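Examining the three-dimensional arrangement
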Amino acid sequence: MNNPFQEQLLKAGLVTEQQVKQVQKGKKKGKQQLSKKQRQKQQGEAALHAQREKELKAERDREQNLRKQQQAKAKAISAEINEMIKQHKLVRDEGCDVPYNFEHQGKVKRIYINQDMKQQLVKGKLGIARIDGVYELVPLSIAEKIRERNEKRVVIFEPDSKPVDDNDPYAGYEVPDDLMW
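Note that the structure is a prediction, hence the values are computed from the model and not measured.

Let's talk about the confidence of the model for the protein chain
- Here the protein chain shows a mean pLDDT of 82. Residues at 70 or above account for 90%.
- Looking at the elements of the protein chain, mean pLDDT is at its lowest for helix α1 (residues 4-12), recorded as 75, and at its highest for strand β4 (residues 134-139), recorded as 89.

Written out as structure tokens, the structure reads:
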């Protein structure tokens, strides 16, 4: 016996040896039951933690799959746009010596076209589309289809549809179509 209190009770004759053994047995059982409960609690917590980890992993996998699908879709759209531009671009040859300046994404760009192409651009019958950093002329219908898929890849010249400002002092002065800048 390791408990001095129990030994004193035995010497005093207040308890019997059998009672002391029962108490020790009960303590041992209580510890075993307590440890079983703790193990069950720990197993429950571990299972709950594993379930949370499994759900988080499934969510990350779903997000990653969605990103991959979006990237594949964007790549397919880009390939489709490239094909449309290649098939429908207007041929510009040595006769295209008129520089045409336009603004795209905040920068002024320049392409060389002929006088007929310039008139069609001004009237809004042609558009300019970008493929691999090069600007090409395409019919307006193709340019609109490209713009539906990706607005950054096309510059469309439509007839002026800007609202007129009543306070504009230059409203009566129209800018000529053949103005070079």
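Quick word on the sheet that holds strand β3 (residues 126-131)
- Strand order in the open sheet made by the three strands is β4-β3-β5, with antiparallel pairing throughout. For this open sheet the edge positions go to β4 and β5 (154-156), each flanked by a neighbour on one side alone. Averaged over all adjacent pairs, the angle separating strand axes in this sheet is 25°, with direction ignored.
- Sheet analysis places β3 next to β4, joined by six bridges and oriented antiparallel. Following the sheet pairing, Arg130 is matched in β4 by Tyr135.

A closer look at unusual backbone geometry
- At Asp132, a residue that is not glycine, the phi angle is positive and equals roughly 55°.
- By the secondary structure assignment, Asp132 is in the loop between β3 and β4.
- Overall, Asp132 belongs to the exposed group, its relative accessible area being 68%.

Overview of the environment of Glu103
- As for its position among the elements, Glu103 is in strand β1 (residues 98-104).
- Given the relative accessible area of 46%, Glu103 is considered partly exposed.
- Between the C-alpha atom of Glu103 and that of Val155, which follows or precedes it by 52 residues, the distance is 8.3 Å.
- Discounting chain neighbours no more than four positions away, the residues touching Glu103 are Val108 and Val155.
- Here the side chain of Glu103 touches Gly106 through a polar contact of 2.7 Å, landing on its backbone nitrogen.

Here's the deal with the pattern of salt bridges
- A full pass over the atoms with the stated rule returns four salt bridges.
- Put simply, Arg149 and Glu80 hold a salt bridge, and the shortest N to O gap is 3.0 Å. Of this pair, Arg149 sits in helix α4 (residues 140-149) while Glu80 sits in helix α2 (residues 17-88); the two residues are 69 residues apart in sequence, bridging distant segments of the chain.
- In this structure Arg149 comes out as partly exposed when scored by relative accessible area, which is 32%.
- Exposure remark for Glu80: the relative accessible area of 36% places this residue in the partly exposed category.
- Residue Arg92 pairs with Glu136 through a salt bridge whose shortest N-O separation is 3.8 Å. Pair noted here: Arg92 is in the loop between α2 and β1 and Glu136 is in strand β4, with a separation of 44 residues, a long-range link.
- In this structure Arg92 comes out as partly exposed when scored by relative accessible area, which is 28%.

Focus: the pairing of β3
- Counting buried residues in β3 gives five out of six residues, a clear majority hidden from the surface.
- In sequence, β3 turns back onto β4 through a hairpin of two residues, with Asp132 there showing a positive phi of about 55°.
- Where β3 meets β5, three bridges bridge the pair, whose relative direction is antiparallel. If you follow Gly127 over to β5, its bridge partner there is Ile156.

Parameters at a glance
- Residues numbered from 1 in each chain as written.
- Predicted model: local features only at pLDDT ≥ 70, side-chain atom pairs only at ≥ 80, totals over all residues.
- Heavy atoms only, no water.
- pLDDT = per-residue confidence, 0-100.
- Helix = DSSP H or I, 4+ residues; strand = E, 2+ residues; numbered from the N terminus.
- Pairing = 2+ DSSP bridges.
- Axes fitted to C-alpha atoms, helices over the stretch in contact; angles between N-to-C directions.
- Buried < 20%, exposed > 50% of the residue type's maximum accessible area, 1.4 Å probe, protein only.
- Contact = heavy atoms within 4.5 Å.
- Polar contact = N/O pair within 3.5 Å; in protein donor to acceptor, adjacent residues only side chain to side chain.
- Salt bridge = Lys/Arg side-chain N within 4 Å of Asp/Glu carboxyl O.

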